[in-house]
Amino acid sequence: MTTQFNIPRPSEISQLLRGEIGVISDWSQRWSAGRFILQLMVIILGSGLYGAAMGAWRAPEQSLFVAIKFPLIILLITAGNALINGLLAPLLGLNIRFYQSFSAILMSFTVTSAILGAFSPVVAFLIWNAPAMTSSISSQSTYCFILLAHVAVIALAGITGNARLLQLLIRLSPNPAIALRILGAWLTGNLFLGTQLTWILRPFIGSPILPVEFLRANAFHGNFYETIFRTFQEILTH
């Protein structure tokens, strides 16, 4: 691995978003500190802007908190899964180095964050025109609509980022079947780590009946999957 600190051109981000796999594959063959810093900046700025728009419905303080927490989650998922994914790839048939697997995952989250950042003005406009969360006009249907809007935008950004990741894995792998197995294993790790980190770092949208705070007092109590299980139990018993 050769470490370079060339100042990256802004056009590199457009190449990444367009999915120019030949160029991206060449990037994965060599480590560039300048490109790494550029991708970190896109992740922090893009996901931070979206987080600010997400938390703005509750209060300005909540907007600031989520602007910090959203990029933090993405960076922790990237760092936490980098070692695991680097170990899984050779076991599943793709002999790549650690920095190549880390670069691939970082690339995927860079695309996701860039799309989230592009959608942040749209979400901010939606929040601006919605009734205040503390207002009696704000109903459960409004909350559900905004929640579904967030789910749709985040899902779109995530699918696009993973599509770029799959294209890169297919380029690096001996055959598409290996690329699909690796992507499935990597996404499983991202799912388990991401859901738990999201649970610990809640709230994001916030609640009008709870105080504005960076972390819940019971942040480390329970987990995401216990809550889902209890919710299904309540649905079945009613």
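Structural data are supplied above this passage.
About the cut-offs
- Residues numbered from 1 in each chain as written.
- Predicted model: local features only at pLDDT ≥ 70, side-chain atom pairs only at ≥ 80, totals over all residues.
- Heavy atoms only, no water.
- Helix = DSSP H or I, 4+ residues; strand = E, 2+ residues; numbered from the N terminus.
- Rg over C-alpha atoms; globule rule 2.2 N^0.38 Å.
- Patch = residues over 30% accessible without salt bridge, like charges linked within 9 Å, V, L, I, M, F, W, Y side chains within 5 Å.
- Areas by Shrake-Rupley, 256 points an atom, 1.4 Å probe, with all protein chains shown as cover.
- Salt bridge = Lys/Arg side-chain N within 4 Å of Asp/Glu carboxyl O.
- Expected span 1.5 Å × (residues − 1).
- Buried < 20%, exposed > 50% of the residue type's maximum accessible area, 1.4 Å probe, protein only.
- Contact = heavy atoms within 4.5 Å.

(A) Layout of the overall build of the chain. A count of helices and strands for the chain gives eight helices and two strands. Along the chain, from the amino end to the carboxyl end, the secondary structure elements read β-α-α-β-α-α-α-α-α-α. Its C-alpha radius of gyration of 19 Å places the chain within 12% of the 18 Å reference for a compact globule of 238 residues. Reported as C-alpha extents along the three principal axes, the dimensions of the chain are approximately 60 × 40 × 30 Å.

(B) Structural view of a nonpolar patch on the surface. On the surface, Leu 191, Phe 192, Phe 224 and Tyr 225 cluster together into a nonpolar patch covering about 370 Å² of accessible area. Counting residues per element, the ones that place at least two in the nonpolar patch are helix 7 (176–200) and helix 8 (224–237). You can see Phe 224 is positioned in helix 8.

(C) Spatial organisation of helix 6 (residues 140–172). Compared with an ideal rise of 1.5 Å per residue, which puts 33 residues at 48 Å, helix 6 spans 47 Å between its outermost C-alpha atoms and is within 8% of the ideal. When we look at burial in helix 6, the residues that qualify are Thr 142, Ile 146, His 150, Val 153, Ala 157, Gly 158, Gly 161, Arg 164, Leu 165, Leu 166, Leu 168 and Leu 169. Next to the buried residues of helix 6 lie helix 1 (11–18), helix 2 (21–28), helix 3 (33–55), helix 5 (98–129) and helix 7.

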